[in-house]
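Notes for the structure review
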Amino acid sequence: MIILTGSKGFIGKNFLKILKHEKIIEIEKNNAQDFCRNFTEWNKVKLIIHQGAISSTTCTDIELLINTNVAFTEWLFKQAIKHKIPIKYASSASVYGHLSKENLINPLNYYAITKVITDYWVQDNMDRFELVQGFRYFNVYGKGEDHKGDQASPVSKFTKQVKDTGALKLFEGSDKFLRDFICVDDIVDIVLNNDKPSGIYDLGTSNPTSFQEVGELVAEKYNGIIKYIPFPEHLKGKYQTYTCAKKEWDYKFTTVKEYLQL
């Protein structure tokens, strides 16, 4: 039996797809409290995959964020410790904020702060776990994120724009905005199949790609055009211009070009 939180989310659904032959206990916000009160079959659980969280970087409801992202997570971690169950959980590259080459912790929003709190708790208690692995996901894209709207990755967002209108919109200067885009299929594969010890790991390709290049690849794939728009004033000083994971994986990552099959 595997416990999977966040099973209805973009990444959670991709875990479900791969684990379809396993018995899965799916946990979402609407059944989390019942699960906490009533679940007793811990001796049958062989793995916990904790993906659930309020992931909006604009959420300012601190009580909700703490209850969902921190308190429930700590409770789940304590069950993993008590019952000696390996646990693998989603952290986030957002903990780095405006990334420097040193990848220093510098959260810029409440969501990122909750991830820092969780990571620090894990670091303080790591030797109590049977196995615990945290993964600081970088810029994840792939199939199944259409429902995310404006929060979808540029790969999916640009694709939708081109299909709907024949054109995609890029900020002026997008050749200078580089992100570490990682395909969700690679995320799932690495999380489930790595043999690393307990720890907190960056999970990205370590090979950033500019928004300009992503836009050009999508436009080429769908015979679309690119329209450039001014960089919004409200994003100045709050926009990550560069993200890059530490190189921690000997793995052949899917490139955006390969994903689009160009």
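This text gives an overview of the structure that appears in the document. Values in this document were obtained by computation on a predicted structure and should not be read as measured data. (Residues numbered from 1 in each chain as written. Predicted model: local features only at pLDDT ≥ 70, side-chain atom pairs only at ≥ 80, totals over all residues. Heavy atoms only, no water.)

**Considering the overall build of the protein**
Put simply, the rule reads: Every helix listed is a DSSP run of H or I at least four residues long, and every strand listed is a run of E at least two residues long, numbered separately from the N terminus. We compute the radius of gyration over the C-alpha atoms and compare it with the globule rule, which gives 2.2 Å times the number of residues raised to the power 0.38. A 1.4 Å probe rolled over the protein chains alone gives each residue an accessible area, and that area as a share of the maximum for its type sets the label: buried under 20%, exposed over 50%, partly exposed in between. Every residue pair with non-hydrogen atoms within 4.5 Å of one another is taken to be in contact. Throughout, the Shrake-Rupley method with a 1.4 Å probe supplies accessible areas, and for residues the shown protein chains are the sole cover considered. Neither His nor the chain ends is counted toward charge; the positive residues are Lys and Arg and the negative residues Asp and Glu. Each charge is placed at NZ for Lys, CZ for Arg, CG for Asp and CD for Glu.
When helices and strands are tallied, the protein shows 8 helices and 12 strands. In terms of overall size, the protein behaves like a compact globule, its C-alpha atoms giving a radius of gyration of 19 Å where 262 residues would be expected to give roughly 18 Å. Counting over 262 residues, the protein shows a buried share of 51%. The long-range share in the protein, meaning contacts at least 24 apart out of those at least 6 apart in sequence, stands at 78%. Taken as a whole, the protein presents about 13,600 Å² of accessible surface, with 50% of it coming from carbon and sulfur. Across the protein, 34 positive and 32 negative side-chain charges occur, with their mean positions spaced 3 Å apart.

**Quick word on the sheet that holds strand β4 (residues 87–92)**
Pairing between the strands of a sheet comes from backbone hydrogen bonds, and it takes one of two forms, parallel or antiparallel. In plain terms, the rule: Pairing between two strands requires that DSSP report at least two bridges joining them. Axis geometry follows a simple rule: fit a line to the C-alpha atoms, using only the stretch in contact for helices, then measure angles between N-to-C directions, giving values from 0 to 180 degrees.
Strand order in the open sheet made by the 6 strands is β2-β1-β3-β4-β5-β10, with parallel pairing throughout. Strand pairing shows two members of the sheet lacking a second neighbour, β2 (24–27) and β10 (199–203), which therefore form its edges. Looking at each pair of strands side by side, their axes are set apart by 20 degrees on average, direction ignored. Contacting β4, β5 (132–137) and β10, helix α4 (residues 110–125) crosses the sheet at an angle of about 140 degrees to β4.

**Comments concerning the packing of helix α3 (residues 62–82) against α4**
Note the cut-off: For classification, angles of less than 35 degrees are called roughly parallel, those exceeding 145 degrees roughly antiparallel, those between 65 and 115 degrees roughly perpendicular, and all remaining angles oblique. A clockwise turn of the near helix away from the far one marks a right-handed crossing, whereas an anticlockwise turn of less than a right angle marks a left-handed crossing.
Running from N to C, α3 and α4 cross one another at 20 degrees; their axes reach a closest spacing of 10 Å. With respect to each other, α3 and α4 are oriented roughly parallel. In the crossing of α3 with α4, the sense of the turn from one axis to the other is right-handed. Taken together, the residues of α4 that come into contact with α3 (itself represented by Ile62, Leu65, Ile66, Asn69, Val70, Thr73, Glu74, Phe77, Lys78 and Ile81) are Tyr110, Tyr111, Thr114, Ile117, Thr118, Trp121 and Val122.

**Regarding the side chain of Ser156**
Test applied: N or O atoms closer than or at 3.5 Å make up a polar contact, with two conditions inside protein: a donor-capable atom paired with an acceptor-capable one, and, for residues adjacent in sequence, both atoms drawn from side chains.
Of note, Ser156 is situated in helix α5 (residues 154–165). Residue classification places Ser156 among the buried residues on the basis of a relative accessible area of 15%. Within polar-contact distance, the side chain of Ser156 engages the side chain of Glu145 at 2.6 Å.

**Some points on the pattern of salt bridges**
Operational definition: By definition, a salt bridge exists where a carboxyl oxygen of Asp or Glu is found within 4 Å of a side-chain nitrogen of Lys or Arg.
With the rule as written, the count across this model stands at 10 salt bridges. Among the salt bridges present, the one from Asp34 reaches Arg37, with a minimum N-O distance of 2.5 Å. Residue Asp34 and its partner Arg37 are located together in helix α2 (residues 32–38), separated by 3 residues, close to a single helical turn. Of the residues examined, Asp34 reaches a relative accessible area of 39% and is grouped as partly exposed. Its relative accessible area of 58% is what places Arg37 among the exposed residues.

**Re the layout of surface pockets**
Note the threshold: Every definition here rests on a 1 Å grid over the protein atoms only: cavities are sets of points where a 1.4 Å probe fits but cannot get out, pockets are open sets enclosed by protein on both sides within 12 Å along at least five of seven lines, and lining residues have some atom within 4 Å of a point. Grid points are joined across faces, edges and corners, and a volume is the space filled by probe spheres set on the points.
Its volume calculated, the second largest pocket comes out at about 340 Å³. Taken together, 16 residues line the second largest pocket, and the ones lying closest to its centre are Lys143, Ser156, Thr159, Tyr222 and Tyr259. Of all the secondary-structure elements, those providing two or more residues to the lining of the second largest pocket are α5, α7 (211–222) and α8 (256–260). Looking at which element gives the most residues to the lining of the second largest pocket, the answer is α5, with 5 residues.

**Topic: the packing of α5 against α7**
In contact at an axis separation of 9 Å, α5 and α7 are set at 40 degrees when each is read in the N-to-C sense. For the element pair α5 / α7, the angle class is oblique. Judged by the twist between their axes, the crossing of α5 over α7 is right-handed. From α5, Pro154, Val155, Phe158, Thr159, Val162 and Lys163 reach across to α7, where they touch Phe211, Val214, Gly215, Val218 and Tyr222.

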